[in-house]
Amino acid sequence: MACVSSLSSCRRLLPSALFLRAPLAACHSRHMCSSSSEKEDMSRLGEFTTLAITRPRPFVVQVELNRPEKLNAMNRAFWKEMVECFQLLARDENCRSVVLSAAGKHFTAGIDLMDFAGFFGEMSADIKEGDDTARRAMRLHRVIAEMQETFTVIERCPKPVVAAVHGACVGGGVDMISACDVRYCSSNAFFQIKEVDLGLAADVGTLQRLPKIVGNDSLVRELAYTCDRLQAERAMQVGLVSKICSDAESTRTAALELAERIAERSPVAVQGTKVNLNYSRDNPTARALDYQALWNAGMLQTEDLVRATMAHMSKEKAVFSKL
């Protein structure tokens, strides 16, 4: 009776629109379509050659860099598979949070130089005789933009992504974790912006995202210009990571525990929070507040608000439907 009374109180206090429901037939039809699509997506997740995909906790997906014999160097297949992987996870209703980890001794050695040497050799061979600088530049611009998408897709994925870093995180690895929501690392981890040592400026996210993460422009410039290593303790001090664990396994475990805690909460609320945090970072406060108001004008009508309120009042764990 107490629960019935509490529910009645919630119905009086919360907007009536919260209790609107779609017709059962429509819901059943949508479920049948989504189930078929979900099976197809799960099948594709198992076809990657550079990534290992597992589901170790409820609603948690672990994406593991899986070229340990090459120190998880990023070859051409990796750059394409990461995009497809996170596009699939973005619409996977059984995924509410993601852990990004790596197999082997190190997180990643960065770009696979031997693989890309062959790629740029092929690209040079494709350049037509007499092509001017502008046309060659346009082709290269398209290649760089496609590579940028490899990590932007992590940031754009509405599900929070927790990076579990151990050992070396070099070059493209820093670009990659800069696009993640949360970063944990092992005590032996180090981070290195390596591109200047290779004769180029980092071009797939580090220079754009890292200054906003650590809030120390002087340090970012120092690391980018010199390619010095940023050790785990210092990374913690400047805010690049939020937890240091003793080794690789404990780092992965801590990341999975965090991802599970996130996944237990309302997917509507969590994903809305990520979208608005990203928008607020990139826009003036007034515009971000207006965007948040527009967002919640729709999202406050979710059933999750009622379920979370009832669970809080009854001191029970809320269970939320798939999104």
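Below, the structure is looked at part by part. (Residues numbered from 1 in each chain as written. Predicted model: local features only at pLDDT ≥ 70, side-chain atom pairs only at ≥ 80, totals over all residues. Heavy atoms only, no water.)

1. A closer look at the overall build of the protein
Each helix and strand counted, the protein has 13 helices and nine strands in total. Residues classed as buried in the protein amount to 43% of the 323 residues present. For the protein, the share of sequence-separated contacts (at least 6 apart) that also reach a separation of at least 24 residues comes to 72%. A total of about 17,300 Å² of accessible surface is found on the protein, and carbon and sulfur atoms cover 57% of it. (Helix = DSSP H or I, 4+ residues; strand = E, 2+ residues; numbered from the N terminus. Buried < 20%, exposed > 50% of the residue type's maximum accessible area, 1.4 Å probe, protein only. Contact = heavy atoms within 4.5 Å. Areas by Shrake-Rupley, 256 points an atom, 1.4 Å probe, with all protein chains shown as cover.)

2. Notes on the packing of aromatic side chains
Under the defined criterion, the tally for this structure stands at six aromatic pairs. In this structure, Arg96 packs its charged tip against the face of Phe59, placed 3.9 Å from the ring centre. (Phe/Tyr/Trp six-rings, centres within 6.5 Å; stacked < 30°, edge-to-face > 60°. Lys NZ or Arg CZ within 6 Å of the ring centre and 35° of its normal.)

3. Some details on the environment of Val182
Mapped onto the elements, Val182 comes out in strand E6 (residues 182–186). Those residues in contact with Val182 that sit more than four places away from it in its chain are Val161, Val162, Ala163, Ser242 and Leu258.

4. Looking at the sheet that holds E6
An order of E1-E2-E3-E4-E6-E9 is seen for the six strands of this open sheet, with the pairing classed as mixed. Each of the sheet's edge strands pairs with one partner strand only, and the pair in question is strand E1 (51–57) and strand E9 (243–245). In this sheet, neighbouring strand axes are inclined to one another by 25° on average, regardless of whether the strands run parallel or antiparallel. Where strand E4 (residues 161–165) lies against E6, four bridges are found, and the strand directions are parallel. Directly across from Val162, in E6, lies its bridge partner Val182. (Pairing = 2+ DSSP bridges. Axes fitted to C-alpha atoms, helices over the stretch in contact; angles between N-to-C directions.)

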